[in-house]
Amino acid sequence: MPTPVAGTTITVVGGDARPGLSGVSSDALVAWFAERGEPAYRARQVADAVWRGDATTAADIQTLPAALREGLDEAFRFDTVADTELRLSDGGLTEKGLHRLADGALIESVLMHYPARPGQRERHTLCISSQAGCAVGCPFCATGELGFGRDLETAEIVDQVRHAARRLAADKKRLTNVVFMGMGEPLLNLDRVLAAVDALNDPRRFGLGARHITVSTSGVVPGIRRLTALGPQFTLAVSLHAARDALRDVLVPLNRRWPVAEVVAAAREHAAATGRRVTYEATMIAGINDTELDAQAMADLLRGDHAHVNLIPMNPVAHTPWTASPDPVIEAFAATLAAAGVTATIRRNRGQEIGAACGQLAAERAGEPAPAVVARRRARLVDESAHALRGERSHEPAPAGIGE
Ligand code: SF4
């Protein structure tokens, strides 16, 4: 077993229990060297090598004495991503990465390039995963259909960023934004997500400003309250999808545990305490959550709040009976919000920004379910949404494994 490192959690991941170096705090690395009678600048040497991305083992850090290099390799992994398959879409503006981890778990990240426009510099935004799979089970999301695998280690979260930053650096570009909207519910893996944000934010490590980091939640109220107590760490985004409980019970099954009014109340307190605007995301599904009744319900819910709504046409996900709302319907929805003073943006072509498309590559690898399973799932969704549209709450329990 490797020597435990202060400030890190060691979990056996596959056959490799060593924590990833990118998840080890600067102070913990200094302490590791201090235990070996070494000065703090050694930690700086290692951190530089890790964050510049050119060291893949301790042997690459020639400035360290051989015994220290050996000790480092025994104690830590330099990279927690075993391999990555990249797929380009949107004419090269979107790069989907499917990453395999040491235990074979598959996770996804999406790098989105936004060319410069008048008054706006070019941006490169990475959407990352916080869990392998997800317990929440939103039916329009391929990850939700896969179910929960496991929480990611801090370094497994951060290494998605290091990989993308390295690809960008090869083109002399820099990552400008990181959003936790990939696979998983970040607030159900909050300790590690916070440690990852710390690594991304730390000027001695990645050095990305808190305003350039967004963490999304489907509505884990205790997690939102914990973030509020910590003060502003990043932008909070809430996956709202519907303002009526009956419908949200179906679209975001976590709603059966924490109803929408509680979620929005917690987000409102967060905005008031941190002074930071909360963003709400809504996947627009034709004939399901895009009606005038839904627009009015959302307008009533958010009226007067320090909030902004992003409306995103649903990404086609194979095993639902649903399609994206037509553009004019989304525009009418946005107009209803605007009439109530709730600002909204219609996001086009990059549905991944809310995680709706996340999990599609991993789902492909998992294989196509049997036709009878798909048919049952579609029939269940038709039935559940029909009940919801009549205003009937779900009698199904909240998803298992979503914590206290
Ligand atoms: S949309 Fe997010 S919270 Fe819902 S199942 Fe997918 S990954 Fe989980």
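For the structure itself, look to the data block above.
These notes cover the structure that comes with them.

1. Points about the overall build of the chain
For the chain, the count of helices and strands is 13 helices and 12 strands. Compactness check: the chain gives a C-alpha radius of gyration of 22 Å against a globular reference of 22 Å for 404 residues, within 12% of the reference. Overall, the C-alpha framework of the chain stretches about 70 × 50 × 45 Å when taken along its three principal axes. By residue count, 54% of the 404 residues in the chain fall in the buried class. The long-range share in the chain, meaning contacts at least 24 apart out of those at least 6 apart in sequence, stands at 68%. Just so you have it, the chain exposes about 16,700 Å², and 53% of that area is on carbon and sulfur atoms. Across the chain, 44 positive and 48 negative side-chain charges occur, with their mean positions spaced 4 Å apart.

2. Considerations on the site of the ligand
Neighbouring the ligand are Cys 134, Val 136, Gly 137, Cys 138, Cys 141, Gly 144, Gly 182, Gly 184 and Ser 218. Looking at the shell around the ligand residue by residue, the classes come out as four nonpolar, five polar and no charged.

3. Focus: the nonpolar core
Of all hydrophobic cores here, the largest spans 111 residues; its most connected members are Phe 180 and Tyr 280. Residues lining this core come from more than one domain, with at least three contributed by each of domain 1 (1–79) and domain 2 (81–389). Beyond its immediate stretch of four places on either side in the chain, Tyr 280 contacts Val 238, Leu 240, Val 264, Ala 267, Leu 302, Ala 307, His 308, Val 309 and Asn 310. Counting residues in hydrophobic clusters, the runner-up holds seven residues, among them Met 112, Cys 127, Val 179 and Ala 237.

4. Brief notes about the side chain of Thr 94
Mapping Thr 94 onto the fold places it in strand 2 (residues 94–101). Look at Thr 94 and you get buried, because its relative accessible area is 0%. In terms of polar contacts, Thr 94 uses its side chain to reach the side chain of Asp 90, at 2.6 Å.

5. Some thoughts on helix 3 (residues 66–75)
Residues Leu 68, Arg 69, Leu 72 and Ala 75 constitute the buried set of helix 3. On an axial view of helix 3, the arc spanned by its buried residues comes to 135°, and they lie on one face. Summarising the geometry of helix 3, the exposed residues directed more than 90 degrees from the buried face are Ala 67, Glu 70 and Glu 74. Looking at the buried residues of helix 3, the elements they touch are helix 1 (26–35) and helix 2 (41–52).

6. Points about helix 9 (residues 260–274)
Compared with the 21 Å implied by 1.5 Å per residue over 15 residues, the 21 Å span of helix 9 between its first and last C-alpha is a close match. Buried within helix 9 we find Val 260, Val 263, Val 264, Ala 266, Ala 267, His 270, Ala 271 and Thr 274. End-on, the buried residues of helix 9 take up no more than an arc of 160°, which puts them together on one face. Structural note: helix 9 exposes Ala 261, Ala 272 and Ala 273 on the side pointing more than 90 degrees away from its buried face. Where helix 9 is buried, its residues touch helix 7 (221–230), strand 9 (235–239), helix 8 (245–251), strand 10 (278–284) and helix 10 (292–302). Directly beyond the C-terminal end of helix 9, a positive phi value near 75° is found at Gly 275.

7. Examining the packing of aromatic side chains
One pass over the full model with this rule turns up three aromatic pairs. Their ring planes at 85° and their centres at 5.0 Å tell us that Trp 32 and Phe 33 sit as a pair that is edge-to-face. Take Trp 32 and Phe 33: they sit in the same class, and that class is buried. Among the aromatic residues, those joined into a ring-pair cluster are Trp 32, Phe 33 and Phe 76. The ring centre of Trp 32 lies 3.8 Å from the NZ or CZ of Arg 36, which sits over that ring.

8. Considering the sheet that holds strand 11 (residues 307–313)
Pairing between the strands of a sheet comes from backbone hydrogen bonds, and it takes one of two forms, parallel or antiparallel. Here 10 strands make up an open sheet; going across it, the order is 1-2-3-4-7-8-9-10-11-12 and the pairing mixed. Since the sheet does not close on itself, it has two edges, and those belong to strand 1 (81–89) and strand 12 (344–346), each with one partner. Within this sheet the neighbouring strands show an average axis-to-axis angle of 20°, counted without direction. The pairing of strand 4 (residues 123–127) with strand 7 (residues 177–180) spans three bridges and is classified as parallel. Counterpart to Leu 126 in the pairing with strand 7 is Val 178.

9. What to know about the pattern of salt bridges
One pass over the full model with this rule turns up 24 salt bridges. Two residues, Asp 305 and Arg 268, come together in a salt bridge whose shortest N-O distance is 2.9 Å. Here Arg 268 lies in helix 9 and Asp 305 lies in the loop between helix 10 and strand 11, a separation of 37 residues in the sequence. When its relative accessible area of 36% is taken as the criterion, Arg 268 is described as partly exposed. Put simply, Asp 27, Asp 198, Asp 202, Arg 204 and Arg 205 are held in one network by salt bridges that share partners.

Rules and cut-offs
Residues numbered from 1 in each chain as written. Predicted model: local features only at pLDDT ≥ 70, side-chain atom pairs only at ≥ 80, totals over all residues. Heavy atoms only, no water. Helix = DSSP H or I, 4+ residues; strand = E, 2+ residues; numbered from the N terminus. Rg over C-alpha atoms; globule rule 2.2 N^0.38 Å. Buried < 20%, exposed > 50% of the residue type's maximum accessible area, 1.4 Å probe, protein only. Contact = heavy atoms within 4.5 Å. Areas by Shrake-Rupley, 256 points an atom, 1.4 Å probe, with all protein chains shown as cover. Lys, Arg positive; Asp, Glu negative; His and termini not counted. Charge placed at Lys NZ, Arg CZ, Asp CG, Glu CD. Near = heavy atom within 4 Å. Nonpolar A, V, L, I, M, F, W, Y, C, P; charged D, E, K, R; others polar. Core = buried A, V, L, I, M, F, W, Y, C linked by side-chain atoms within 4.5 Å. Domains from an automatic or database assignment. Polar contact = N/O pair within 3.5 Å; in protein donor to acceptor, adjacent residues only side chain to side chain. Arc of directions from axis to C-beta. Expected span 1.5 Å × (residues − 1). Phe/Tyr/Trp six-rings, centres within 6.5 Å; stacked < 30°, edge-to-face > 60°. Lys NZ or Arg CZ within 6 Å of the ring centre and 35° of its normal. Pairing = 2+ DSSP bridges. Axes fitted to C-alpha atoms, helices over the stretch in contact; angles between N-to-C directions. Salt bridge = Lys/Arg side-chain N within 4 Å of Asp/Glu carboxyl O.

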